[in-house]
Structures are given as structure tokens and as C-alpha cells.
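Here is what each chain is made of, one letter per residue.
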Amino acid sequence: MLKIEHLTKVYGDKKAVDDLSLHIEPKEIYGFIGHNGAGKTTTLKSVTGILDFDEGTITIDGINVKENPLEAKKRIAYIPDNPDLYEYMTGIQYLNFIADVFEIDSDTRSERINRYAEMLELKNDLGEQVSSYSHGMKQKLAIISALIHNPKLIIMDEPFVGLDPKAAFELKELMKQMCDEGASIFFSTHVLDVAEKLCDKVAIISHGKLVKAGTMEEVKGDDSLESAFLELEEK
Amino acid sequence: MLKALIKKQFLELKYTFLRDKKTGKIKTGKAAIGFVLLFLLVGFSFAMMFYENAAAFGEVILAAHNDWLLFALNGMTALAAVSFMTMFMTTASVYSAKDNELLLAMPIRPSYIVFARLLTVYVLALAYSTVCYGPAILYYGLEGKLTVLGFIYSFIEIALIALVGLVVSCVLAFFMSLLNKVFKKRAYLSLVFTLLFLGVYYYFTFNMNKFLTALALNMERVTKTVARKVWIFWQFGKAATGDTKAFLIILAICLAFFALSYYIISRTFIKSVTMTFDTKKKAYKEKKVAKAGIRKALLLKEFRRWSTCSSYLTNTFFGSVLLIAASVFLIVKKNMVGEYLDVILGEVPVLKTMLPVIIIGVLAYMTVLDAVSTPSVSLEGKSFWVLRSLPIKTMDIINAKRNFELLLSSIPAFIFTVTAIFVFEFDLVGTLETLALSVILIAFVTYFHLSMGIRFANLIWTSEIVPVKQGTAMMIVVFAGMAIAVAIPGIYFLLINVLNPHLYIAILAVVLIAATVIMDRWIKRKGVEIFEHL
């Protein structure tokens, strides 16, 4: 579903991501962990086409992100770590805007908005301005907008930050459900317990370089993911 | 503690005025001097305006030997101006300050917080008061009537106007913050306030001669009315002419008024800033929404952005409002306009050939003010990732910004052009030329606005005011736009003896079309590239 080959992104004279390669198969939940400034967000933004990169190729469902960005973007959804949404719209106006961009018909969008908004307990607030939302509510809205077009690949940057326990639980369930239905999820997180329980595969990035990647067992061995991560970080 | 609070407030003031918008650092050296000079220049321009008013009224008033009335009238004007001009700063720095909760959580007396905050607003009020009231003292002095006592008292009155103006602005700011909490459509509220203010300003400006005549004819009645009904301004005026008793009365009243107000503001401060209203949450009712295409969705997004941001709305809709107002004026006062025009054309017949060009010049002046698409690029700000992560062509995003401005500006422009054609009774050729040129002009202005918006786009800002009012793009658009608006009739006026009006209109149309095509090409090539790498 997602192939990152030799990705390199340079800011000035600093390599934010250095020759990174990753493959994510359909129906996989892939965790991406690393310290602050390791290059996680840069990688995720490069995959979504928000950020131009210097070297390497990224393909989504066989479509090259650089050569055919529109087709690639039709297959993905992105949820950033700090969802700066359109504060001048109401929640429902924002969702309809996203649905219009993805050309979702009236009945389908209505059914999906209802389903996800009820699940994340945001339905009653959809008529309010986004500017009045808390961080967690904005995060929920970003999640609903990401799922509205049934994407094949969902990219999430720290998706659990700001969510209340119930919403975090619902999101985890939703992630599993999306994967069961055929989607892949690639997400970054600092919450290693969640990554350990949720992910099929995990990749650890440090100073822009991929340190280790593979199935959860391959990466952590007999240790906890936290121990394995700290050990790899120290090397 | 109070000293620390005052220091913090002045640091904030310095940061607000002297911070470089791009680097975030405080301007020093030449940049700081340049800013201060610019500030002084703006102050001087306003002072000149107030001096002219003081001189116009002063001539009538001094002739009738009612000197105190000059200061009374100028004092009233200055008080109103200071109160209004400081209102927004008082709202921002007293009632809606971001650090209110932070400070209230610390063991600080609310009266200290209020004092430190009011002090910085007072400094600004003092500057405004000097600009508004100082010219009246200067005029009186130049007329050779200012006594030593009058000089001292009137200068102290500048400080008193600032003090009372500060209290009035606190009251206005309190209601403003209340309205902001209660009223959801704040953008429209700001637009209404601004239009009201401008309406009052233009009403007085246009009727100045009428007021002066009325004042000269009814001097005795006006004097008695002011002395009886606004007694305090009678004392105020007398103090400025050197009356010690009146000065002491005014000084005591102003200080007592401020002390009482300060006491009330301090006592109610916590309640005022933490007050919330039980504004009922708008229950979401599901509605069937018809699917819109990408272009329509983007256009709607632009409209929502524009209509919900008060600074964006008020700064880019003024030209359209003026065009509509001018159209209504032309229709209502058709006969009067016709009579004036006959007189002018009787004296300068050559102006008749200039009418279509003048109309286009006026149209250009009004439409350059409404640079809707210029800040729209920078206003994407932190939300820019939304558009970049969605499957939308960059040209569709840019075209939505262009089309929104075209939609917004073309309707009032069309109404104004058609009204002018009707009122000035253009012949068929003149009608066609004016209509065609107005369409070309609107396209040119829109492309100019959009090009500048893309070329000088800046997504990093903390307040929407920066892209809407203070950005490089807006500066260029406003000044270059005004130059273009003046150049259109100006060049023709210079060449009036050597150039046929139809030829000039044809040349103008070709130049504008060529410039529009060049900008269109630039946007499609370079503009898209810049936009994608913002």
C-alpha cells in the first residue's frame, strides 16, 4: 500500500530524514516512533504530499506521490498532530467541505458523518464554530473528516494527543475496524504502550535514520517496546 | 509588584509596536527610528486635519469674541476621538488580555493589574489627545490670544482629555467585550460599527460649511445652549482662556471622575473578565446537503473565510459600500448632480470628453481598496496543510480566490457604472466604452491583487490583522492601486490636447488587457510554484 524508498529530506545543511525506506502492506497498522525532532513528522508530511522531498520515491497504492499527487491524495487521509482546522467554519461545514472535495454523494456522507460523529460523541457539537472547539474536539473532527472518503491509507501524527479516554478507546477500535475493512494505517506516537498493543509492525527512527523496523516481535524481542526503544536510542 | 506589572505592560507595548513581523525581534537602530518617524508623520497628518477644523471654526468663533467656545468644541471632538480610538486597545489590553487568567491566579491585587494596564492605554490616549486638541491651542496661540495661564491650563487639559477619554473607552470596551461574548456574528458587528463611525465622519466632513454657517448665524443661541446644557465644557473652554476658577473646577471634576471610575473598574475587574454568558449551544440538526463540486466548495470556503473575519470583511468591503452609496447618491440627487455638472462643464467644456475616464478612475479608486484576494493567500496560515493534503489542483485553489473577488467586486462596480452612464446621459459610444473598460478594469485589479497576494504570501502570523492590513502585499496593493487610480484620468488630462478621448480609452484598454494577460501567465507558471512551496 505504501512504499517509501530511500527518502531523504534536507533542511539547510541538516538531514531531517536520511535514506529512509519502509513498506506498509494493506490491512497493516504501522507504528512510527522516535524522539522529538527524529524526523517522524517530516516523513509523514512527505508521504501526504504536503512537503516536497529531496531524494527517494514514495508510492501509494502503486501511484507515485511526486508524479501524480492528486491521484495519490485521493487514496489517503492525513491527521496532523495539531489540527489547525478552518476555525471560521462550523464542524458540519468543515465536514461537508471535505466531502465536496472528495465528491462524496449526499447519502453516503450523511451516513458516514453520523456514524463517526456518534461514535466519537461529537454529533451535538457539529453546528458549533470550530473556533469554539477544544483541542480534543478538533482532533475528533479531524478524524471524522479523514474517514469520510473511506481512504485506503490513513496517516496520523500523534493521533491520541488531547483525546479523552473514551475517544482514545473508540479511535483504537476504529483503527482496527478500518484495517479489517482493508485500509492501512501509518501513525506516529510517543505512547509506546498503545503502539505495542495496537501495531502489527513498528519502525523506530532516530536522527533521521531508520534504526529498526519489522513486526512487533522482531523489534522488541522479549523486552517491552519501551525498553527496546530506549536501548536502540542509546546506541 | 506594581512596578513589575508596569514594566511588563510597557514591554508588551514595545513588543506590539516595535516587533518585526517577520523575524519576531524588536526593531532597533534605523528600523526603530524609521517606525517612530512614520508614527510621527501619521500623527502630524492627523494634527493638520484637526488644525484645519480648529481654524475654520476659530475664525467664526473668535470674531464673535466667544473664545471659550473654540476650546469647548475642540475638547468635545477630542474627547470623542480619544475615546473611540483607544476603545479597541482598551478591549484588547484590559478586558480581553490573554494573560488575565495568568495574572489573576497570582497574588496580585486586581487594582494593580487595572492600574498597570490603564497606564499603557493612557500613554496612547495622551498621544491621541495631543494630536486632537493640541492644534486648537496652537491656532489660538498663532492668533496671538493665548495667555501664560491659558497656555498652562490648556496643556493640562490635554492630559485631562486623555484621562476622561480613557474612562469612556473603558465603558465602551466593556460593552464591546460583552457584545463579543454574546454576539456570534462578530464580523458583521465590526462592519456595522466601522460604517457607523465612517458615516458620522463623512456626514460632518461634507456638512462642515453648513455647520459653520449655522454657527455664525446662531452664535448667541449656540453659546447659551453649550453653556447651559454642557456646562462642564463651558468651564473647560473658559479654563483654556486662562480662567483659574474654571480650571480648578475642571481639574477637580476630572480627577474625581477618574478616581471613582478607577475604583469601580478595579472592584468589578474579576467579574468583568471572567463573566460568561449562557449562550445556548446551537443544537445540530441534520440537514440533507447537496453535493457540490470542488470549485464550488472552494468558493464557498473563501466566502466563509471572508464573512466571518471582522478585519478581513471591514478592510475589503469598504470600496463596494462606497460604490453602492455613490450609486444611490447619484440616483437620489440626479438633478443636483446635473446642475453642478452643467456649471462645471460650462467653465471647463473639455471635461465632457473626460467623463468616461473619470468614472473609470473613480471605479479604480474604489475597487483597489477591496483587495479581497491579496490577504486570502496568507490567511490560509496554519490551516494551509488542509488544502495541501487534499486532492485539489493548485490552480483550482488560486482560481477560487480570484473568482470570489471577481464576484464580490463586479456587482457594485456594475451598479455604479450603469448608474453613472444613466445619470450623466452618455451616448451609445460612451456607454459601450465605459462598460467595456469597467469590465477590463475589474479583471486587471483582481489579477493585480491576487498576484501580489501570492508573491508576498506569508503564512506565519499571530493576528489576522497582519495579512489583512500590515503585510507587504497590502501596502503595495493600496499604494500602487491608488497611483493607478490617479494615473487613469491624470494621464488623459495631461494629454487632453493631443489625444482623442476614444483613442485614449482604446490604448488604456489594450494596456490593461496586456497587463492582465501577463499577470495571468505569471500566476499559472511562477504563482503556482510559489503557492506550492509556501
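Since we're looking at a predicted model, the values are computed, not measured.

*Asks:* I'd like a description of the overall build of chain B, backed by residues and values.
*Replies:* Scanning chain B from N- to C-terminus turns up 23 helices and zero strands. For chain B, the spread of C-alpha atoms along the three principal axes comes to 70 × 65 × 55 Å. Here chain B, with 534 residues, has 46% of them falling under the buried criterion. Excluding contacts between residues fewer than 6 apart, the proportion of contacts in chain B whose partners are at least 24 apart in sequence is 83%. Only carbon and sulfur atoms are counted for the fraction: they give 70% of the accessible area of chain B, which is about 28,100 Å². Positive and negative side-chain charges in chain B, numbering 53 and 28 respectively, have mean positions lying 12 Å apart.

*Asks:* Before we move on, could you go through the confidence of the model for chain A and cite the residues and values that matter?
*Replies:* In the predicted model, chain A carries a mean pLDDT of 88, and the fraction of residues at 70 or more is 99%. No element of chain A has a lower mean pLDDT than helix α9 (residues 225-234) of chain A, which averages 77, and none a higher one than strand β8 (residues 184-188) of chain A, which averages 93.

*Asks:* Provide a residue-level description of helix α1 (residues 40-48) of chain A, including the pertinent values.
*Replies:* Given 3.6 residues per helical turn, the α-helix brings residues three or four places apart onto the same face. All names here are of chain A. In terms of residue burial, α1 counts as a mostly covered element, since seven of its nine residues are buried. Turning to α1, its buried residues number three or more, namely Lys40, Thr42, Thr43, Leu44, Ser46, Val47 and Thr48. Just downstream of α1, Gly49 is the residue with a positive phi angle, here 85°.

*Asks:* For the pattern of salt bridges, give the residues involved together with the corresponding values.
*Replies:* Residue and element names in this part refer to chain A. As enumerated under the stated definition, the model contains 24 salt bridges over all chains in all. Residue Lys138 is joined to Glu87 by a salt bridge in which the shortest nitrogen-to-oxygen separation is 2.7 Å. With Lys138 in helix α5 (residues 135-147) and Glu87 in the loop between β6 (76-79) and α3 (91-101), this residue pair connects regions lying 51 residues apart in the sequence. We note a salt bridge from Lys140 to Asp164, for which the minimum N-O separation is 3.2 Å. Separated by 24 residues along the polypeptide, Lys140 in helix α5 and Asp164 in the loop between β7 (153-157) and α6 (165-180) bring together distant segments of the chain. Taking relative accessible area as the criterion, Asp164 reaches 33% and is therefore assigned partly exposed. Put simply, Asp61, Glu71, Lys74, Arg75 and Lys152 are held in one network by salt bridges that share partners.

*Asks:* Let's hear about a nonpolar patch on the surface: which residues, and what values?
*Replies:* All names here are of chain B. A cluster of nonpolar side chains, contributed by Leu38, Leu41, Val42, Phe46, Met49, Tyr201 and Tyr202, occupies part of the molecular surface with about 620 Å² of accessible area. Elements with a minimum of two residues in the nonpolar patch: α2 (29-63) and α7 (186-206). The greatest single-element share of the nonpolar patch, amounting to five residues, is contributed by α2. Within the element layout of this structure, Tyr201 appears in helix α7. Residue classification places Tyr201 among the partly exposed positions, given a relative accessible area of 35%.

*Asks:* Please give an account of the sheet that holds strand β1 (residues 2-11) of chain A that cites residues and values.
*Replies:* Residues and elements named next belong to chain A. One open sheet accounts for four strands, arranged β2-β1-β4-β5; its pairing is antiparallel. Unpaired on one side and paired on the other, β2 (14-24) and β5 (63-64) mark the two borders of the sheet. Taken together, the seven bridges between β1 and β2 define a ladder with antiparallel strand orientation. When the bridges of β2 are listed, Val10 appears paired with Lys15. Each of β1, β2 and β4 (55-60) is contacted by α1, which is oriented at about 120° to β1, the strand it contacts most.

*Asks:* Any details on the nonpolar core? Residues and values, ideally.
*Replies:* Of all hydrophobic cores here, the largest spans 153 residues; its most connected members are Phe97, Leu126 and Phe186 of chain A together with Phe424 of chain B. In terms of residues, this core owes the most to one element, helix α20 (residues 428-455) of chain B, which gives eleven residues. Contact partners of Phe186 of chain A, with chain neighbours within four places excluded, come to Leu2, Ile4, Leu22, Ile24, Tyr30, Phe32, Leu44, Leu153, Ile154, Ile155 and Met156 of chain A. Leu70, Ala116, Tyr140 and Ala162 of chain B belong to the second largest nonpolar core, which has 55 residues in total.

*Asks:* Give a detailed account of helix α12 (residues 294-308) of chain B, specifying residues and quantitative values.
*Replies:* Here α12 of chain B spans 21 Å end to end across 15 residues, near enough to the 21 Å set by a 1.5 Å rise per residue. Considered for burial, the residues of α12 of chain B that qualify are Ile294, Ala297, Leu298, Lys301, Glu302, Arg304, Arg305, Trp306 and Ser307 of chain B.

*Asks:* Give me the lowdown on the environment of Tyr188 of chain B, citing residues and values where you can.
*Replies:* One can find Tyr188 of chain B in helix α7. On the accessibility criterion, Tyr188 of chain B (35% relative accessible area) is partly exposed.

*Asks:* Explain unusual backbone geometry residue by residue, including any values.
*Replies:* Residue and element names in this part refer to chain A. One non-glycine residue, Asp61, lies in the positive phi region at around 55°. Summarising the element assignment, Asp61 is placed in the loop between β4 and β5. We classify Asp61 as partly exposed; its relative accessible area is 31%. One non-glycine residue with positive phi stands out, namely Glu103, at about 55°. Inspection of the secondary structure assignment puts Glu103 in the loop between α3 and α4 (106-119). Using a relative accessible area of 46% as the deciding quantity, one classes Glu103 as partly exposed.

*Asks:* How would you explain the packing of aromatic side chains if you had to name every residue and give the values?
*Replies:* Residues and elements named next belong to chain B. Scanning the model with the defined rule gives 26 aromatic pairs over all chains in all. Note on Phe384 and Phe531: the rings are 5.3 Å apart at their centroids and 75° apart in plane angle, and the pair reads as edge-to-face. Residue Phe384 is located in helix α18 (residues 384-389), and its partner Phe531 is located in helix α23 (residues 501-532); the two are separated by 147 residues in the primary sequence. We note that Phe384, like Phe531, is buried. Clustering of aromatic rings is evident, with ring pairs tying together Phe71, Tyr133, Tyr140, Phe233 and Phe236. Above the plane of the ring of Phe422 lies Lys334, whose end atom (NZ or CZ) is 5.4 Å from the centre. In this structure, Arg455 packs its charged tip against the face of Phe456, placed 4.8 Å from the ring centre.

Thresholds applied
- Residues numbered from 1 in each chain as written.
- Chains lettered and ligands numbered in written order.
- Predicted model: local features only at pLDDT ≥ 70, side-chain atom pairs only at ≥ 80, totals over all residues.
- Heavy atoms only, no water.
- Helix = DSSP H or I, 4+ residues; strand = E, 2+ residues; numbered from the N terminus.
- Buried < 20%, exposed > 50% of the residue type's maximum accessible area, 1.4 Å probe, protein only.
- Contact = heavy atoms within 4.5 Å.
- Areas by Shrake-Rupley, 256 points an atom, 1.4 Å probe, with all protein chains shown as cover.
- Lys, Arg positive; Asp, Glu negative; His and termini not counted.
- Charge placed at Lys NZ, Arg CZ, Asp CG, Glu CD.
- pLDDT = per-residue confidence, 0-100.
- Salt bridge = Lys/Arg side-chain N within 4 Å of Asp/Glu carboxyl O.
- Patch = residues over 30% accessible without salt bridge, like charges linked within 9 Å, V, L, I, M, F, W, Y side chains within 5 Å.
- Pairing = 2+ DSSP bridges.
- Axes fitted to C-alpha atoms, helices over the stretch in contact; angles between N-to-C directions.
- Core = buried A, V, L, I, M, F, W, Y, C linked by side-chain atoms within 4.5 Å.
- Expected span 1.5 Å × (residues − 1).
- Phe/Tyr/Trp six-rings, centres within 6.5 Å; stacked < 30°, edge-to-face > 60°.
- Lys NZ or Arg CZ within 6 Å of the ring centre and 35° of its normal.

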